[in-house]
Amino acid sequence: MSHILSLDQGTTSSRAIVFNARGDTVALAQREFAQHFPQPGWVEHDPMEIWSSQLQVAREALKSAQRQGVPVTALAITNQRETTVLWDRATGQPVAPAIVWQDRRTASHCDQLRTQGHADVFQRKTGLVLDAYFSGTKLAWLLDHVPGARRRAERGELAFGTVDSWLIWQLTGGRVHATDPSNASRTLLFNLHTMAWDPQLLAWLNIPPSVLPQVVPSSGVLGTTDPSVLGRALPIAGVAGDQQAATFGQACFEPGMAKNTYGTGCFMLMNTGQRAVASQHRLLSTVGWQGPQGRDQTAYCLEGSVFMAGATVQWLRDGLHMIQDASEVEALAASVEDSGDVYLVPAFAGLGTPEWDSYARGTLVGMTRGTGRAHIARAALEAIALQTADVFDAMARDAGVPLRELRVDGGASRNNLLMQLQADLLGVPVVRPKVTETTALGAAYLAGLACGVWRDAHDIAALWQVDRRFEPGLSDVARRHKLQRWHEAVQRSRGWARG
């Protein structure tokens with residue numbers, strides 16, 4: 001039986017999982033790495049720490065597989081999207097810290113581009129809202145602020161990539177500089193309709209084409225690992241951004257199927273088939289994945305992005321020291337019947353869908369002398385579910401039909417209270433699969449399709465199994481009241497950072 005090693009490089013940790021042909025986990029290793037906040041609104045990672053942590057867990061997972069006598073035949077990569085790395089082609093060393101997708105330092109650049117009248121063109125070509133979330137303005141910032149970077153980039157000495165490209169470069173010993181369409185479509189530089197880097201957008205952001213990676217299919221062998229890295233050469237056969245990989249791992253292969261991933265952020269994607277749908281409700285159009293045949297096997301998605309989900313619980317732990325471990329939040333929140341009309345708007349990195357407000361900031365409202373830790377913990381879980389409810393509503397409006405269920409995955413989907421709150425606030429069932437590591441699994445599926453482990457999407461869909469189904473239990477009146485109060489709280493957070 002063939003097995004796939006899936007590298008899952010996330011915002012707060014690097015993981016490596018070996019899957020068998022049934023989609024079962026046979027080996028897993030994980031390591032957290034440091035988050036850096038050098039200024040308000042700035043978020044950075046050390047690219048070398050990303051690489052070293054990912055390499056370490058990959059080697060650990062492979063050793064575990066070898067001890068079990070498990071043959072690993074290919075490697076897959078899935079990654080935090082939009083995080084921007086710029087490195088020296090000769091040395092493979094980064095020229096600056098990675099600018100993380102949560103970083104808001106380029107909000108004023110986006111404002112300037114909007115003032116110049118470019119927002120509609122960016123959205124029409126890329127499917128994206130002109131926002132600091134995406135990689136293009138981050139790359140422009142690095143070229144403008146790292147001494148000598150622009151001159152070196154124009155001479156072809158530097159390489160840009162999202163985290164997938166950075167890992168591919170390191171894994172192949174610098175032989176391959178590539179990305180896939182799912183990641184390329186998150187840069188503000190990639191045209192969804194031509195499926196290529198767009199010269200006009202590059203010119204507006206003053207980015208030399210020489211820094212860009214080659215765009216290759218999400219499923220297909222793009223190169224092999226250098227034998228010195230993992231002990232032997234392994235074909236790299238699948239690459240996708242984390243949310244698109246999770247959509248694939250949830251077997252959302254038919255138009256209209258949707259999933260939500262509860263990770264550092266919350267990201268809901270709905271398959272729209274073989275065409276990019278222009279959203280009327282501030283959702284994003286994005287490439288889902290691309291098969292080995294290229295454009296003829298491209299699936300598109302609509303996406304809603306929530307910047308703070310699991311990171312909100314992490315803030316309770318690390319910022320407020322209300323809990324010692326993220327797993328404690330469920331019991332603490334369940335110790336009270338409701339939040340006592342307390343609302344937490346976790347706009348620590350601005351607001352994503354549907355507001356797209358780079359200047360919103362975190363807000364906690366409704367507290368009284370009777371408010372305690374448990375109320376705030378419950379408000380934090382409700383905030384994750386309420387943000388998702390707003391995205392779900394926008395997606396149903398764009399789809400033109402009511403969505404009848406939501407498939408869920410990611411670490412926080414194991415929180416039963418959160419999933420019940422989510423079903424209550426959506427008014428539809430929330431369905432959790434037996435395998436919630438669907439991000440890594442989706443990337444493994446893409447690699448396995450390229451290597452013959454699975455024949456087609458039907459083989460993969462047959463592996464998907466339900467773990468638990470959460471039915472809504474809140475009345476329509478109570479649901480509408482909760483959403484109304486939430487929207488009032490959101491309005492109080494808007495525009496705060498403008499001063």
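So, here is what we can say about the structure in this document. All values reported here derive from a predicted model rather than from experimental measurement.

## Some thoughts on the sheet that holds strand β1 (residues 3–9)
- As summarised here, the arrangement of the 6 strands in space is β3-β2-β1-β5-β14-β13, forming an open sheet in which the pairing is mixed. The sheet terminates laterally at β3 (25–32) and β13 (219–224), the two strands that pair on one side only. Averaged over all pairs of adjacent strands, the angle between their axes in this sheet comes to 25°, without regard to strand direction.
- With 5 bridges joining them, strand β5 (residues 72–79) and strand β14 (residues 235–241) adopt parallel strand pairing. Bridge assignment links alanine 76 to a residue of β14, and that residue is glycine 238.

## Here's the deal with the nonpolar core
- Counting residues in each nonpolar core, the largest one holds 58 residues, and the members touching the most others are Tyr262, Leu381, Ile384 and Leu406.
- If one sorts the elements of this core by residue count, helix α13 (residues 373–399) sits on top with 16 residues.
- Among all residues touching isoleucine 384, those that are not within four sequence positions of it are Tyr262, Cys266, Ala309, Val313, Leu418 and Gln422.
- Membership of the second largest hydrophobic core comes to 49 residues, among which are Ala96, Val129, Leu142 and Ala149.

## What to know about the pairing of strand β15 (residues 258–262)
- The buried fraction of β15 is high, at 5 of 5 residues.
- Counting the residues in the hairpin turn of β15 and strand β16 (residues 266–273) gives 3 residues.
- Bridge analysis of β15 against strand β21 (residues 406–409) gives 3 bridges, and the strand direction is parallel. Bridging across to β21, threonine 261 finds its partner in aspartate 409.

## Side note on the sheet that holds strand β23 (residues 466–470)
- What the 7 strands build is an open sheet, ordered β17-β18-β16-β15-β21-β22-β23; its pairing is mixed. What marks the edges here is a single partner per strand, and that holds for β17 (284–290) and β23. The average angle at which neighbouring strand axes cross in this sheet is 30°, direction not considered.
- Relative to β17, helix α10 (residues 242–249) is tilted by about 60°, and along the sheet it contacts β15, β16, β17 and β21.

Calculation notes
Residues numbered from 1 in each chain as written. Predicted model: local features only at pLDDT ≥ 70, side-chain atom pairs only at ≥ 80, totals over all residues. Heavy atoms only, no water. Pairing = 2+ DSSP bridges. Helix = DSSP H or I, 4+ residues; strand = E, 2+ residues; numbered from the N terminus. Axes fitted to C-alpha atoms, helices over the stretch in contact; angles between N-to-C directions. Core = buried A, V, L, I, M, F, W, Y, C linked by side-chain atoms within 4.5 Å. Buried < 20%, exposed > 50% of the residue type's maximum accessible area, 1.4 Å probe, protein only. Contact = heavy atoms within 4.5 Å.

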